[in-house]
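Now for the letters of each chain:
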Amino acid sequence: MTRGRIRSKIRRSNLYTFSCLRPQTTDTEGPNTVQGSRVVHCNQPQLHLKKPLKYCSNFISTTKYNVVTFLPKAIFEQFRRVANLYFLLAAVLSLTPISPFTPVSMIAPLAFVVGLSMAKEALEDSRRFVQDMKVNLRKVSVHKGDGVFGYRPWHKIRVGDVLKVEKDQFFPADLLLLSSSYEDGICYVETMNLDGETNLKVKRCLETTLSLDDDESFKDFLGKIRCEDPNPNLYTFVGNLEYDRQVFPLDPTQILLRDSKLRNTAFVYGVVVFTGHDSKVMQNATKSPSKRSTIEKKMDYIIYILFTLLVLISLISSLGFAVKTKYQVPDWWYLQPNKPDGVFDPTNPSLSGFYHLITALILYGYLIPISLYVSIEVVKVLQATFINQDIQMYDEESGNTAQARTSNLNEELGQVDTILSDKTGTLTCNQMDFLKCSIAGTAYGVRSSEVEVAAVQQMAIQEEDVDLSNFPKRRGGRHVSRDNVERASEIELETVITSSNENDLKPTIKGFSFEDSRLMNGNWSKEPNADVHLLFFRILAICHTAIPEYNEATGSFTYEAESPDEGAFLVAAREFGFEFFRRTQSSVFVRERYTNSGEPVEKEYKILNVLDFTSKRKRMSVIVQDQEGQILLLCKGADSIIFDRLSKNGKVYEETTTKHLNEYGEAGLRTLALAYRKLEESQYATWNNEFQKAKTSIGGDREAMLERISDMMERELILVGATAVEDKLQKGVPQCIDKLAQAGLKIWVLTGDKMETAINIGFACSLLRQGMKQICITTTNSDALVKDGKEGAKENILNQITNATQMIKLEKDPHAAFALIIDGKTLGYVLDDNMKHQFLGLAVDCASVICCRVSPKQKAEVTRLVKEGTGKTTLAIGDGANDVGMIQEADIGVGISGVEGMQAVMASDFSIAQFRFLERLLVVHGHWCYKRIAQMVCYFFYKNIAFGLTLFYFEAFAAFSGQSIYDDWYMLLFNVILTSLPVISLGVFEQDVSSEVCLQFPALYQQGPKNLFFDWYRILGWMGNGLYSSLVIFFLNIVIFYDQAFRVGGETADMEAVGTTMFTCIIWAVNCQIALTMSHFTWIQHLLVWGSIVTWYLFLFLYGMMSPLISGNAYQILVEVLGPAPIYWAATLLVTITCNLPYLAHISFQRCFNPMDHHIIQEIKYYKKDIEDRHMWTRERSKARQETKIGFTARVEAKIRQLRGRLQKKHSSNLSAS
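Structurally, the position occupied by Ala122 is in helix H4 (residues 103–136). Once the C-alpha coordinates of Ala122 and Tyr65 are considered, the two residues, 57 residues apart in sequence, prove to be 8.2 Å apart.

Written out as structure tokens, the structure is:
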């Protein structure tokens, strides 16, 4: 606590030049022109209880339903399904006398199906409600009056309330910062939930409210805020504060947004401006959409086709009945009704035909499978259970498993075309490791980066006789065996050296993976140019804005830096012997461990100015004065910026350093150049006067003046060296992206981070690589553009897009790859209707797309553009509240259950613990679920057509009378028991290939996006198969039994015997068909398929044993009638074989002459060629990936092409020399 109070005395605003330090006259500037009607009475929330000042409450809800809307909305969701609408109509008609079935038999199945689905929706939405309530019931300290604060739930907070938010708490609403625990009103805020950035933002209150620094001071506090109306813009705020009879302008630096977190600050006071759904983060949220899979949408069209067929055959039946009634029934005296009722009236055949139409529509309803939806619901729930219990997607660190939060979209996982991913917390874990450096033209650091190791391994794999066990491994303890890597040695990969076993025993230091004995333990002092090395380490230890924190547990210092890079540099400086351990108002203190005296020395450096980093400047500088009085400018930044500012005598190491930087870039490392400049006191004094004038100026050109004057000082630099840090991605991210790229998936990154950070992450996860041409679409601030305003900006952006599109079209190199990078400001113009399609066309042509500085709403808009513009399945993945919009907008939303709360998870359809699990979720479970559901739906329509059409054929033989050839119990059991369980086993257990093979052959995934198993060719093929089977089953049985002796006594078969035989043939045919369809059998599938056939005979036996009052004409049908008749068994065998022969011939022909990918793999596995011929198996694996220009493999291949080109050039020069 004591340390916290001491630290609070630092006026941290002195550390910042551009970001938060405002001129001292800020509070007296003229008020802002406010375009908005919102008025907030500070510390008077009771005035906001009545209109027009009554604003929305702070209660938030992200649920799809509530108590009032659940019933109507859920019923609407269910009857969006065309089949359900049909069965609703049939259920209503079943209440009339014209129905061939009882009302219960029609209403009960529909109620069961709809009720089950609604219960599932209610359960899933209740989880969202529980999470909302957890947020709404959080507590925060609120001013209750007379300077007394007390805790109150978030949902009871009102506009105008004064809140006291403490360290590491989230802000419950959008607040105006009044004061903080620091005397100058500074506070640190983490906005990861809003924009994905992990570096801390600095907020600063107005100087006029600095005195409101304790509870008592709010006893008589009153004020009025006039500001903009609620809007989704995270980075803008316009308003005025009327306080103490003055008006003060407000801007975004005083606004604390809901869901951001207070860090490194004991407490802040703030007044509530926006609550609940008026807050900016909620304004960026989108409503929970109702999502349906592509297959389910297509099923509606199939239902339309079947319904059309149903109406057609019903019309034919109705017309046939009317004709029969008019022309033949009058001659059939035994069919004359005593009292014609319209349903059957020979005197009015037209009316009888109309009534028969309704009867036929209900009778032939078996063409529309009502059990399809129930079966799919059951299958999807079981599939979701397997996803939830997959041990390969269990994260040991967090203890989280994968969760299918909605099972409606399982098959959609297998049809994804584009992945839109957040960056922070999704791809990265925000850890930088200092890996290499170049000092005074000498390269240091012997540990290999992931890209270097992978390049050597990949090249060695292509040499057939290489022992991979000797290859270098990341952070492993093995040497590179040069004997086994002769080829790699020839290509001169001298940097690919791993550490020795001894060094590997050292404990891992977070942020420091550097290894080179020449610099460690003070050995740098023995190197040539030791004075340059000393300066290099001092730049690392001094040039930053970090705050040191002493960790009593470890006895060392940790650093709270604005960026992970800065933290890694300070850790590196500490390990090299230059420990930054204290910061005061005007100085930094560094403990130098290795000195001439041999004793550690603490040195003080006075901070005169800090020229901080911005995305435009791409550099940071500090001007310091050492203990000898020497003034130095220390600078670090992008090499292109630093090299342009070198003096003539400062370029001594430029050539060698440039070479090292290129090597580091090829190795996938983030690089910065370090330089310095010695200043004379008079020279500095003159510059500082100009700088202070610019800093305290008022006007729109203040920033430009500061930039110009800073640029004047950052000239005539002397190059010292360069750093290379490895961006620590989440475990397995590059491998996952690589596998997804090989599976043919496109990956977009949407992040709130600045462009440089996003680009570096792109390199780290292999979405970008050396040699890839970057297309940066940005807005410029040229004078001409400012004059033209918005239209000029749009025209400029459109020209950039047009030129880039033309450049891609004219590219001749087949290996050329393009990356599109765009920022949020530009995206605001691009998403306009006039330009978005051109932008999308350009983006689709690029290998990777990175959108940076995007707001949550822009993430959702980009996702909608990709989804609607391409017409293909999109998947959005993120971990924070800022990702909720795109997660809900995408066809599939995946939330990562990481450290940033559960907002993304609660809004998602699926949740995983780490990004790397997305590979298995899509490539394995997605592939399986798509094929299972597709085959299941096709099979369902096949069996219902095969069964339903036999009813129609019999109608033609029975004068279209509405008589069914099957017993009512047969028809009831057909979909419920006798054919339902095998098809469920197909949907749950079917595997064309194992999970290991799915991962080894990622190109198999493309069967889903290409929709090979549910296109119209396949659907109509299955329907044709059903039509063929129905014709065979009916007419072959009629031919066999017509005028044919059935019993020993010569009697022919009656309707019951023929109908039961036909039904037996149907059961055998459809169950044998599903057995032929399956590629993977377990004992469960054998039990359900063959058990269904056994169940039919068992039912027939037991049903026949019942009293004739129950069994009717089926009394003893199996034991006495069918069992003893050989023709029954012969007909069953003949019809079953005839029905399945065409399908068997088709798949045999396909496997022999036009096999699909999985057919080849199945054959290889069956004959165990993967074990006997490993070379062939490896070759097939290398071919079984989509051609891609992103991912680790593509990056390594590019590296190999470069190395081979270098090798070829070397050999050519050797030959010419000889």
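After that view of the structure, there is still more to cover.
The sheet built from six strands is open, its strands ordered S3-S2-S4-S13-S5-S11 with antiparallel pairing. Of all strands in the sheet, those bounded by a partner on one side alone are strand S3 (148–153) and strand S11 (255–256). As paired elements, strand S5 (residues 174–180) and strand S13 (residues 267–274) share six bridges and run antiparallel to each other. Residue pairing for S13: Leu175 is matched across the bridge by Val272.

Right, let's get into the packing of helix H29 (residues 980–989) against helix H33 (residues 1083–1105). Where H29 meets H33, the axes come as close as 8 Å, and the angle between the chain directions of the two elements is 160°. By the angle class used here, H29 and H33 are roughly antiparallel. Here the hand of the crossing between H29 and H33 comes out left-handed. Along the contact surface, H29 presents Leu981, Pro982, Ser985 and Phe989, while H33 presents Ile1084, Gln1085, Leu1088, Val1089 and Ser1092. Residues of the contact of H29 with H33, tallied by class, amount to six nonpolar, three polar and no charged.

Turning our eyes to something else, we now look at empty space enclosed by the protein. Picture a little ball the size of a water molecule; that probe, rolled over the atoms, points out where space is still empty. Under the definition given, this model contains five cavities of 30 Å³ or more. If you add up the space inside the largest cavity, you get close to 330 Å³. Lys64, Glu121, Ser290, Lys291 and Asn408 are the residues nearest the centre of the largest cavity, which is lined by 23 residues in total. For the lining of the largest cavity, the secondary structure elements donating two or more residues are helix H2 (70–78) and H4. Here the lining of the largest cavity gets five residues from one element, more than from any other, and that element is H4. Of the residues that constitute the lining of the largest cavity, the class distribution is three nonpolar, seven polar and 13 charged. Estimates place the volume of the second largest cavity at around 60 Å³. Around the second largest cavity sit Arg81, Glu296, Met299, Tyr373, Ile376, Glu377, Lys380 and Asn408, which together line it. Contributing elements (two or more residues each) for the lining of the second largest cavity: helix H7 (294–327) and helix H9 (370–388).

In space, the nine strands of this open sheet follow the order S14-S33-S32-S31-S15-S27-S30-S29-S28, with mixed pairing throughout. If you trace the sheet from one side to the other, it starts and ends with strand S14 (403–404) and strand S28 (773–777), each paired once. Helix H23 (residues 836–845) contacts strand S27 (746–750), S28, strand S29 (818–823) and strand S30 (848–852) of the sheet and is inclined by roughly 140° relative to S29. Those strands touched by helix H24 (residues 856–870) are strand S15 (416–421), S27 and strand S31 (873–878), and its axis lies near 160° from that of S27.

This part covers the pattern of salt bridges. Under the criterion given, the structure shown has 36 salt bridges. In this structure, Glu190 and Arg263 form a salt bridge, with 2.7 Å as the shortest nitrogen-oxygen distance. With a gap of 73 residues between them, Glu190 in strand S6 (residues 186–190) and Arg263 in strand S12 (residues 261–263) connect regions that are remote in the sequence. On the basis of relative accessibility, which here comes to 11%, the residue Glu190 falls in the buried class. Measuring nitrogen to oxygen at the nearest pair gives 3.3 Å for the salt bridge that ties Glu889 to Arg864. Taken together, the residues Glu889 in helix H25 (residues 884–889) and Arg864 in helix H24 connect sequence positions 25 residues apart. Among the residues examined, Arg864 registers a relative accessible area of 31% and is labelled partly exposed. Taken together, the salt bridges that share partners define one network made up of Arg619, Arg645, Glu707, Asp711, Glu714 and Arg715.

This paragraph deals with the confidence of the model for the protein chain. Fine structural detail should not be taken from predicted coordinates in areas where pLDDT scores are low. Overall, the prediction assigns the protein chain a mean pLDDT of 81, with 85% of residues at 70 or greater. Residue range residues 462–505 is modelled with pLDDT below 50. Its contacts to residues more than four positions away, or to other chains, number 89 contacts. Every residue in residues 782–787 scores below 50 in pLDDT, and together they form five contacts with partners more than four places removed in sequence or on other chains.

This part takes up the packing of aromatic side chains. Under the definition given, this model contains 54 aromatic pairs. Note on Tyr966 and Phe1063: the rings are 5.5 Å apart at their centroids and 65° apart in plane angle, and the pair reads as edge-to-face. With Tyr966 in the loop between helix H27 (917–957) and helix H28 (968–978) and Phe1063 in helix H32 (residues 1055–1077), the pair connects residues that are 97 residues apart, well separated along the chain. Pair check on accessibility: Tyr966 and Phe1063 agree, each one buried. Among the aromatic residues, ring-to-ring pairing joins Phe434, Phe512, Phe514, Trp524, Phe536, Phe537, Phe569, Phe576 and Phe578 into one connected group. The ring of Phe267 has Lys164 sitting right over it, with the charged end atom 5.0 Å from the ring centre. The lysine or arginine in question, Arg591, covers the ring of Phe581, its NZ or CZ lying 4.3 Å from the ring centre.

Among the nonpolar cores identified, the biggest contains 108 residues, and Val937, Tyr966, Tyr970, Phe1014, Phe1046, Phe1063 and Trp1096 are the most heavily contacted of them. The contact partners of Phe1014, leaving out residues within four places of it in the chain, are Ile295, Lys298, Met299, Ile302, Tyr930, Ala934, Val937, Cys938 and Ile1019. Counting residues in hydrophobic clusters, the runner-up holds 73 residues, among them Met520, Ala568, Leu633 and Ala675.

The next thing to look at is a nonpolar patch on the surface. Nonpolar side chains collect at one region of the surface, where Tyr301, Tyr304, Ile305, Trp1016 and Leu1020 lie side by side and expose about 500 Å² of accessible area between them. At the level of secondary structure, the elements contributing two or more residues to the nonpolar patch comprise H7 and helix H31 (1016–1041). At three residues, H7 tops the list of elements feeding residues into the nonpolar patch. Along the chain, the position of Leu1020 falls in helix H31.

The rules behind the values
Residues numbered from 1 in each chain as written. Predicted model: local features only at pLDDT ≥ 70, side-chain atom pairs only at ≥ 80, totals over all residues. Heavy atoms only, no water. Helix = DSSP H or I, 4+ residues; strand = E, 2+ residues; numbered from the N terminus. Pairing = 2+ DSSP bridges. Axes fitted to C-alpha atoms, helices over the stretch in contact; angles between N-to-C directions. Parallel < 35°, antiparallel > 145°, perpendicular 65-115°, else oblique. Left-handed = near helix turned anticlockwise from the far one by under 90°. Contact = heavy atoms within 4.5 Å. Nonpolar A, V, L, I, M, F, W, Y, C, P; charged D, E, K, R; others polar. 1 Å grid on protein atoms, 1.4 Å probe; cavity = no way out; pocket = protein on both sides within 12 Å on 5 of 7 lines; lining within 4 Å. Points joined across faces, edges and corners; volume = space filled by probe spheres on them. Salt bridge = Lys/Arg side-chain N within 4 Å of Asp/Glu carboxyl O. Buried < 20%, exposed > 50% of the residue type's maximum accessible area, 1.4 Å probe, protein only. pLDDT = per-residue confidence, 0-100. Phe/Tyr/Trp six-rings, centres within 6.5 Å; stacked < 30°, edge-to-face > 60°. Lys NZ or Arg CZ within 6 Å of the ring centre and 35° of its normal. Core = buried A, V, L, I, M, F, W, Y, C linked by side-chain atoms within 4.5 Å. Patch = residues over 30% accessible without salt bridge, like charges linked within 9 Å, V, L, I, M, F, W, Y side chains within 5 Å. Areas by Shrake-Rupley, 256 points an atom, 1.4 Å probe, with all protein chains shown as cover.

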